[in-house]
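Residue-level listing of the chains:
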Amino acid sequence: MTVIIDGRACAEKILENIKIKTSKLNKKPGLSVILVGENPASKVYVKNKEKKAIEAGFNSNVYRLPENTSKLELLNLIDKLNNEDNTDGILLQLPLPKHLNPSDFLDKIDPKKDVDGFHPINSGKLLNNEKPYVIPCTPKGIIRLLDEYNIEIAEKNAVVIGRSNIVGKPVSMLLLNKNATVTIAHSKTKNLIDVVKQADIIVSATGISNIITKDMVKEGAAVIDVGIIRGEDGKLKGDVDFNNIKDIAGFITPVPGGVGPMTIAMLMENTLELHLLRNNLC
Ligand code: NAD
């Protein structure tokens, strides 16, 4: 029997717990989100983050900057937030408009306020199997789901499809640090089917609809679908051919309702963790 992993329920439980912890604090944790430009998907994501932060009991600030914001203006805002006591977490919503290069800015966020865990100090710590100030939200949420469903990681074959700095690479490091044998597949990988077929745990993060098909999945494998694609019918779907795989996988995440809600829950958890760290409460 395949278990459909309920990311929504798991995220709700985490958010409830965060709300309780926050209500006992003297000061509210503060999350500042920077949105540059008019990307429609980013606008929805930011609105959702703002809503969840308020529900968690945080101070939520969203800085909506115009498309033509200059490098200097954005650097000045990051500098201001780095020095502002009420801000514990700074999130720069990606993608940025074409004239702005993300690495020029992500490196300037104080690593102790780097709520996404993308600063080289945090990614370097992850690479070295040291404790970063925070772990990137989506990869952290994926590991939390595996743990929540008691899915063994150590000694298992994990295949991650996608090698982005946001998902593919950090989730690979987390799986490796938990003693999985990890293979990273990407756009230049030959014979994807043979590679994926070896996996006890499949994490697919490509944004390509139905890239993971039934013939790639070993019976009983745990299938984690990170992809978010808006179909022509307006509905969200993932990388995985869910309907045809759901009867052979041991565990599978739906889209929506799998990894997505966990990403937001982990963002709130990271904000709280940074607040506790900055206030010497942990
Ligand atoms: P990205 O575009 O930066 O990377 C895509 C990756 O897919 C690349 O590393 C590329 O090598 C790989 N790829 C492309 N074609 C391939 C092929 N034919 N075979 C194997 N690999 C191939 O993407 P990203 O930022 O990591 O996001 C991936 C997907 O996950 C997107 O749909 C994004 O919207 C989604 N996402 C979801 C969440 C969430 O919370 N659920 C969070 C972040 C990203």
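Fair warning: this is a prediction, and the values are worked out from it, not measured in the lab.

Caption draft 1: Highlighting the packing of helix 1 (residues 7–23) against helix 2 (residues 40–56). Running from N to C, helix 1 and helix 2 point in directions that differ by 50 degrees, and their axes come no closer than 8 Å. Considering their axes alone, helix 1 and helix 2 lie oblique with respect to each other. Contact residues: helix 1 offers Glu12, Leu15, Ile18, Lys19 and Thr22, while helix 2 offers Lys52, Glu55 and Ala56.

Caption draft 2: Local environment of the packing of aromatic side chains. This model, assessed by the stated rule, comprises one aromatic pair. Relative to phenylalanine 251, the ring of tyrosine 149 lies with its centre 6.5 Å away and its plane at 75 degrees, an arrangement referred to as edge-to-face. Taken together, the residues span a long stretch of sequence, with tyrosine 149 in the loop between helix 6 (137–148) and strand 5 (157–161) and phenylalanine 251 in strand 11 (residues 251–252) at a distance of 102 residues. Of note, lysine 125 hangs over the ring of tyrosine 133, and the distance from its end group to the ring centre comes to 5.4 Å.

Caption draft 3: Fine view of the site of the ligand. Around the ligand there are 19 residues in total, and Arg163, Ser164, Val226, Ile228 and Thr263 lie nearest to it. Contact distances for the ligand include 2.5 Å between an oxygen atom and a side-chain N or O atom of serine 164. Between the ligand and the protein, one listed contact pairs an oxygen atom with a side-chain N or O atom of threonine 263 at 2.7 Å. Contact with the protein chains removes 70% of the 850 Å² of surface that the ligand exposes when unbound.

About the criteria used
- In this convention, every chain numbers its residues from 1, walking through the sequence in written order.
- Where local features are concerned, this predicted model is filtered to residues with pLDDT of at least 70; where side-chain atom pairs are given and counted, the filter is 80 or more; whole-chain, interface and lining totals use all residues.
- Values shown for side chains rest on all heavy atoms present in the structure; no hydrogens or waters enter the calculation.
- Axes, fitted as lines to C-alpha atoms, cover a helix only where it is in contact. Angles between the N-to-C directions of the axes lie from 0 to 180 degrees.
- Helix and strand assignments come from DSSP, with helices taken as H or I runs of at least 4 residues and strands as E runs of at least 2, each series counted from the N terminus.
- Angle categories are assigned with fixed cut-offs, so that under 35 degrees is roughly parallel, over 145 is roughly antiparallel, 65 to 115 is roughly perpendicular, and the rest are oblique.
- Any two residues whose heavy atoms approach within 4.5 Å at even a single point are treated as in contact.
- A pair of aromatic rings is counted whenever rings of Phe, Tyr or Trp (Trp by its six-membered ring) have centres within 6.5 Å, and the orientation is called stacked for planes under 30 degrees apart, edge-to-face for over 60 and tilted otherwise.
- When the NZ atom of lysine or the CZ atom of arginine is within 6 Å of a ring's centre and also within 35 degrees of its normal, the charge is said to sit over that ring.
- Any residue with a heavy atom positioned within 4 Å of a molecule or strand is treated as near that molecule or strand.
- N or O atoms within 3.5 Å of each other form a polar contact, as long as, within protein, one can give a hydrogen and the other can take it, and as long as residues adjacent in sequence are counted only when both atoms are side-chain atoms.
- We get accessible surface area from the Shrake-Rupley algorithm with a probe of 1.4 Å; when it comes to residues, only the shown protein chains can shield them.

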